[in-house]
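One-letter residues, chain by chain:
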Amino acid sequence: MGLAEDRVVIVTGAGRGLGRAHALAFAAEGARVVVNDLGVGLDGLPGPDAPAALVVAEIRALGGEAVAHGGDIATTEGAASLVECALDAFGRLDTLVNNAGFLRDRMLVNLDEDDWDAVMRVHLKGHFLPLKHAAAHWRAEAKAGRQVAARVVNTSSGAGLLGSVGQGNYSAAKAGILGMTLVAAAEMGRYGVQVNAIAPAARTRMTEETFAATMAAPVAGAFDAMAPENVSPLVVWLGSDASAGVTGRVFEAEGGRITVMEGWRPGPTANQASRWTPTEAGEAASKLLSEAQPPHPVYGAAG
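First, a word on scope: everything that follows refers to the structure included in this document. (Residues numbered from 1 in each chain as written. Predicted model: local features only at pLDDT ≥ 70, side-chain atom pairs only at ≥ 80, totals over all residues. Heavy atoms only, no water.)

Here we come to the side chain of Asn98. With respect to the helices and strands, the residue Asn98 is situated in the loop between β4 (95-97) and α4 (113-143). The residues touching Asn98, leaving out its near neighbours within four places in the chain, are Thr12, Gly126, His127, Pro130, Leu131, Val152, Val153, Asn154 and Thr155. (Helix = DSSP H or I, 4+ residues; strand = E, 2+ residues; numbered from the N terminus. Contact = heavy atoms within 4.5 Å.)

As structure tokens, then:
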């Protein structure tokens, strides 16, 4: 019995990179997988091939069960049809892995509004809509008296946790995914749904050029720390029954390292029973900053 035996799992953006690795890892643990991929390039524009079908063929060749879905999950119709695809093919839905995304990197002063909107649409809206439709299904199941043990794994990034120079749109979208993860975990727990997020670091089409030195393949025989397959075991665990009780959490995953991220917590505080003057507020803030931990640097920042 695999860790995900008999679970039905949707993975978005599963034609390549991390999504493909997740889909194959779930299938290896006994899951039936819906492989979603629109087949677009790094900039989000349509590509000439059909990567979802290729991943489905890989899974079936290894004895697993999978179907392809080529809809646009950043549309209501595409997200609804994604959930329907799982139900039509396998009769149920247990796990949603939101992974789809792309980059349009620019410094903020050079970032076009269209590039902002496109990245927000795919990353943030492309997480929201599948989550909304899957959650509606699970809520209906729970209200009908059927037991639900559903899992959602969202995909953020170190850019969403710390920021990344030249990736203002991507960083904002990935930070938004973290906020949505916490809200969804709080709202959906009563229906048997757990929602967590990962911030992975791995070699994908989005990272192998932007971070070429870090993402370079190792010498033959050495551990490939940047292989996307290193991230998938944590995703499979989060997407399985074995993770019962874990929700509203964010994990960094890279190579052989897993870190629980602890997020924003109150630090040094000053309080008084009257309104501050601007000068007093500045003096208080300066003192608090001297007592606070310095922030982690933004990725790509000088120094």
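Picking up where we left off.
Let us now look at unusual backbone geometry. A positive phi angle is found at Asp6, which is not glycine, with a value near 70°. Positionally, Asp6 belongs in the segment before β1 (8-11).

Two side chains of opposite charge can pair, provided their charged atoms sit close to one another. The tally for this structure, following the rule as stated, stands at ten salt bridges. Arg257 serves as the salt-bridge partner of Glu252, at 3.2 Å between the closest nitrogen and oxygen. Under the relative-accessibility criterion, Glu252 is labelled buried at 13%. Between Lys287 and Glu291 there is a salt bridge; the shortest N-O distance is 2.6 Å. On the criterion of helical spacing, the pair formed by Lys287 and Glu291 is a turn pair, its members being four residues apart in helix α9 (residues 278-291). Residue classification places Lys287 among the exposed positions, given a relative accessible area of 52%. On the basis of relative accessibility, which here comes to 43%, the residue Glu291 falls in the partly exposed class. (Salt bridge = Lys/Arg side-chain N within 4 Å of Asp/Glu carboxyl O. Buried < 20%, exposed > 50% of the residue type's maximum accessible area, 1.4 Å probe, protein only.)

Position of Leu18 relative to the elements: it lies in helix α1 (residues 17-28). Distance from Leu18 to Glu187, taken between C-alpha atoms, is 28 Å for residues 169 residues apart in sequence.

For the pair α4 and helix α6 (residues 168-188), interaxial distance at closest approach is 8 Å and the crossing angle is 15°. What the angle tells us is that α4 and α6 run roughly parallel. The two elements α4 and α6 meet at a crossing, and its hand is right-handed. Contacts between α4 and α6 involve Asp115, Trp116, Val119, Met120, His123, Leu124, His127, Phe128, Leu131, Ala135 and Arg139 on the former and, on the latter, Gly168, Asn169, Tyr170, Ala172, Ala173, Lys174, Gly176, Ile177, Met180, Ala184 and Met188. For the contact of α4 with α6, the class distribution of residues is 14 nonpolar, five polar and three charged. (Axes fitted to C-alpha atoms, helices over the stretch in contact; angles between N-to-C directions. Parallel < 35°, antiparallel > 145°, perpendicular 65-115°, else oblique. Left-handed = near helix turned anticlockwise from the far one by under 90°. Nonpolar A, V, L, I, M, F, W, Y, C, P; charged D, E, K, R; others polar.)

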